[in-house]
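One-letter residues, chain by chain:
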Amino acid sequence: MKNQSKFVRNAEELRNELRDQKITQPTFANRYYLDEVDEKAGEDKLYSHCERFKSLLKSTDQRSPERVAAYINYFNRNYRKEGKYTQADRYAAWAMYIELDTRIATKTLQNGKTDSALKSLASLFAIHRCIAKENGPNCRNYFVLVNNVLDAELRPFTSKWHAISDDIENALFRSELEAVQEKLTELKDKLHEISD
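Along every chain, residues carry numbers that run from 1 in the direction the sequence is written. In keeping with the model being predicted, local features are shown solely for residues with a pLDDT of at least 70 and side-chain atom pairs are shown and tallied solely at 80 or more, while totals for entire chains, interfaces and linings include all residues. The side-chain numbers reported here are obtained from all heavy atoms of the structure, hydrogens and water having been left aside.

Draft legend 1. Inspection of the packing of aromatic side chains at higher detail. Only Phe, Tyr and Trp rings take part, Trp by its six-membered ring, and two of them pair if their centres are within 6.5 Å. Stacked means planes under 30 degrees apart, edge-to-face means over 60, and tilted covers everything else. Enumeration over the complete set of coordinates arrives at 10 aromatic pairs. A centroid spacing of 4.5 Å and a plane angle of 45 degrees characterise the contact between Y32 and Y71, whose relative ring orientation is tilted. Residue Y32 is found in helix α2 (residues 25-37), and its partner Y71 is found in helix α4 (residues 66-78); the two are separated by 39 residues along the sequence. Owing to a relative accessible area of 10%, Y71 belongs among the buried residues under this scheme. With a centroid separation of 5.2 Å and 20 degrees between ring planes, the pair formed by W94 and Y97 is classed as stacked. Taken together, the residues W94 and Y97, both in helix α5 (residues 87-101) and 3 residues apart, mark about one turn of the helix. Taken together through their ring pairs, the aromatic side chains of F28, Y32, F53, Y71, Y74 and F75 make up a single cluster. Helical segments are the DSSP runs of H or I of at least four residues, strand segments are the runs of E of at least two, and each set is numbered from the N terminus. Note on exposure labels: buried denotes an accessible area under 20% of the residue type's maximum, exposed denotes more than 50%, and partly exposed covers the range between, all computed with a 1.4 Å probe on protein chains only.

Here's what the structure looks like:
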């Protein structure tokens, strides 16, 4: 069973969690505003919103908890830690799990073209970067896990075979592909576990 932290329930707990996770109030307020209110907000709107948010967290007025409820809900969805992994880690893990599960990365290469397989595998680096950027700094555990596997297992393979792509139709390619697929399947299984 996962070691779950409790949900944040009030402004004081939110303030403490932000401090404990080393998330500045302006960073959190801006992320909230861009994600939940206006993704194209300019500096003036963000500054104004940030000031309102900081004053709301300082307030000892407990009569209107609904004023902070939207922030608490956003925090619980995106930043609350469950064991080692944050909600952002889980969202990122699920997105990458889908990519690995639906590509040649974890499927047997039947009669498919090896150059297409190589392109599909190489595209995983860009996909990983996009997923990490979309899920922000709170998916660091996801980022480190996937980055380590891609750098150690996939990068040497794609670098080697891109350099000799004229002679790609051979048994050595398929044999090395199977070894990489084994490591990517292990990663896929770990990502599924994280996202569960």
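Draft legend 2. Layout of the nonpolar core. The nonpolar core is taken to be a set of buried Ala, Val, Leu, Ile, Met, Phe, Trp, Tyr and Cys residues, with the residues joined through side-chain atoms within 4.5 Å. Within the largest apolar cluster, 33 residues are counted, with the highest numbers of intra-cluster contacts made by M96, Y142, L184 and L191. Those elements giving two or more residues to this core turn out to be α5, α6 (114-135), α7 (140-163) and α8 (171-195). Sorting elements by how many residues they give to this core places α6 first, with 8 residues. The contact definition used throughout considers only heavy atoms, calling two residues in contact when any of these lie within 4.5 Å. Not counting chain neighbours up to four residues away, the residues in contact with M96 comprise L124, I127, H128, I131, Y142, V146, L150 and L191. One finds L14, I23, F53 and Y74 within the second-largest nonpolar core, a separate group that totals 18 residues.

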